[in-house]
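What follows is each chain in one-letter form.
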Amino acid sequence: MQKTFFWLCFVCCSLVLNAQEAWVLKKNEKGVKVYTQQMPDARVVTFKAISVLPHSQELLLQTITDIKNYHKWIDGIAAGRFISRTNESDFYFRQIVLLPFPFDDREVVQQSQILREKGSVKIKITEANHIAEPLEGHVRMYVSHGYWLLEPVKDETKITYVFTADPGENIPKWLINSFIVESPFQTLVNLRNFLATD
């Protein structure tokens, strides 16, 4: 009986692990690596972009939480607008996301939470569309979540950007996934250039 129980546990754990596919490296250029992962039952893939930048955690944290300047370095973002703050580590904001013609641009309201643990800083982003009404002339996104992770590496900072976003409303899956690799890659390249000239 005991052997049967442990065997069933092993099989169940194996099924869970296999249901979530491993990260696959899709691009490795200019000091930026981009991975993708297909989650079970998800319409779009999740990306993970990694780079090491010659800046402190605090400077990167300030930049990532500076909503008004998002359009200067986050690929595909037309504008970022601050909405309200719960405390120093928790606030709400809106993003305007550009899409190619003939599709309407998107908008999404999100919550940003700053979490500190064992020397690392994590900026967790989740959907918070209940905070504000949809913006006229735009289509609301209901799947848009992920995080930024900042980890010290000697005098530099390892930055990891993980995100899942689905613009929805009749956008073909193949079109969405065509931006999954290039957009986070360009975002981290833009971030490096933005800080170099700031």
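Along each chain, numbering runs from 1 in the same order as the chain's sequence is written. Predicted model: local features are reported for residues with pLDDT of at least 70 only, side-chain atom pairs are reported and counted for 80 or more only, and whole-chain, interface and lining totals are derived from all residues. Values reported for side chains reflect all heavy atoms of the structure, with hydrogen atoms and water molecules removed beforehand.

Colleague: Could you give me a rundown of helix 2 (residues 57–64), with the residues and numbers involved?
Modeller: Buried residues of helix 2: Q57, L60, L61, T63 and I64, and no others. Angularly, the buried residues of helix 2 cover 165° about the axis, an arc narrow enough to put them on a single face. Contacts: residue pairs with any heavy atoms within 4.5 Å of one another. Secondary structure follows DSSP: runs of H or I at least 4 residues long count as helices, runs of E at least 2 residues long count as strands, and numbering of each begins at the N terminus. The inward-facing, buried residues of helix 2 abut strand 3 (46–53), strand 6 (106–117), strand 7 (120–127), strand 9 (143–153), strand 10 (156–166) and helix 4 (182–197). Note on exposure labels: buried denotes an accessible area under 20% of the residue type's maximum, exposed denotes more than 50%, and partly exposed covers the range between, all computed with a 1.4 Å probe on protein chains only. Our arc is simply the arc of the directions from the helix axis toward the C-beta atoms.

Colleague: Account for the packing of aromatic side chains, with residues named and values stated.
Modeller: The criterion for an aromatic pair is that two Phe, Tyr or Trp rings (for Trp, the six-membered ring) have centres within 6.5 Å, with stacked assigned to planes under 30 degrees apart, edge-to-face to planes over 60 apart and tilted to the rest. Counted according to the given criterion, the structure contains eight aromatic pairs. For the pair F47 and Y161, a centre-to-centre distance of 5.0 Å together with 75° between the ring planes defines the contact as edge-to-face. In this pair, F47 is assigned in strand 3 and Y161 in strand 10, connecting sequence segments 114 residues apart. Accessibility expressed as a relative area gives 9% for Y161, which makes it buried. Aromatic ring contacts, followed pair by pair, group F47, Y70, W73, F82, F91, F93, W148, Y161 and F163 into a single cluster. Over the ring of Y35 we find K48; its NZ or CZ atom is 5.4 Å from the centre of that ring. Definition used: whenever NZ (Lys) or CZ (Arg) falls within 6 Å of the ring centre and also within 35 degrees of the ring normal, the charge is taken to sit over that ring.

Colleague: Describe in detail the layout of surface pockets, supporting the description with residues and values.
Modeller: Put plainly, a pocket is an open set of points on a 1 Å grid over the protein atoms alone with protein on both sides within 12 Å along at least five of seven lines, a cavity is a set where a 1.4 Å probe fits but cannot get out, and a lining residue has an atom within 4 Å of a point. Grid points are joined across faces, edges and corners, and a volume is the space filled by probe spheres set on the points. When its volume is computed, the largest pocket comes out at roughly 660 Å³. Elements represented by at least two residues in the lining of the largest pocket include exactly strand 5 (90–97), strand 6, strand 9, strand 10, helix 3 (173–178) and helix 4. Across the lining of the largest pocket, the residue classes tally to 24 nonpolar, seven polar and two charged. Residues are grouped as follows: Ala, Val, Leu, Ile, Met, Phe, Trp, Tyr, Cys and Pro are nonpolar; Asp, Glu, Lys and Arg are charged; every other residue, Gly included, is polar.

Colleague: Could you give me a rundown of the pairing of strand 2 (residues 32–37), with the residues and numbers involved?
Modeller: Working note: regular strand, side chains alternate between the two faces of the sheet. For strand 2, the tally of buried residues reaches five of six residues, placing the bulk of the element in the interior. DSSP calls a pair of strands paired once it identifies at least 2 bridges connecting them. The sheet contact formed by strand 1 (residues 24–29) and strand 2 spans five bridges and is antiparallel. Paired with V24 across the strands is T36, a residue of strand 2. In textbook terms, the turn of a hairpin is the stretch between consecutive antiparallel strands, and for strand 1 and strand 2 this stretch comprises two residues, one of which, K30, has a positive phi near 55°. As paired strands, strand 2 and strand 3 are joined by six bridges and run antiparallel to one another. Bridge pairing in strand 3 places V34 opposite A49.

Colleague: Describe the packing of helix 2 against helix 4, and please don't skip the residues or the numbers.
Modeller: Every axis corresponds to a line fitted to the C-alpha atoms, with the helix fit spanning only the stretch in contact, and the corresponding angles, defined between N-to-C directions, vary from 0 to 180 degrees. In contact at an axis separation of 12 Å, helix 2 and helix 4 are set at 110° when each is read in the N-to-C sense. One finds that helix 2 runs roughly perpendicular with respect to helix 4. Facing L59, L60 and T63 of helix 2, the residues of helix 4 in contact are L191, F194 and L195. Partitioning the contact of helix 2 with helix 4 into residue classes produces five nonpolar, one polar and no charged. Each angle is binned into one of four classes, with values under 35 degrees roughly parallel, values over 145 roughly antiparallel, values of 65 to 115 roughly perpendicular, and all other values oblique.

Colleague: Would you mind going over the confidence of the model for the protein chain in detail, with residue names and values included?
Modeller: Every residue gets a pLDDT, meaning the predictor's confidence in that residue, from 0 to 100. Chain-level pLDDT for the protein chain is 87 on average; 88% of the residues reach the 70-or-more range. Every residue in residues 1–19 scores below 50 in pLDDT, and together they form one contact with partners more than four places removed in sequence or on other chains.

Colleague: Please provide a residue-by-residue account of the environment of Q111, values included.
Modeller: Structurally, the position occupied by Q111 is in strand 6. Owing to a relative accessible area of 14%, Q111 belongs among the buried residues under this scheme. When the C-alpha positions of Q111 and Y92 are compared, they lie 4.5 Å apart, and in sequence the two are 19 residues distant. Beyond its immediate stretch of four places on either side in the chain, Q111 contacts D90, F91, Y92, F93, K124, I125, T126 and A128. Within 3.5 Å is the distance limit for a polar contact, defined as a pair of N or O atoms, with the added protein rule that one can donate a hydrogen and the other accept it, and that residues adjacent in sequence qualify only through two side-chain atoms. A distance of 2.9 Å separates a polar atom in the side chain of Q111 from a polar atom in the side chain of D90. At 3.4 Å, the side chain of Q111 and the side chain of Y92 are in polar contact.

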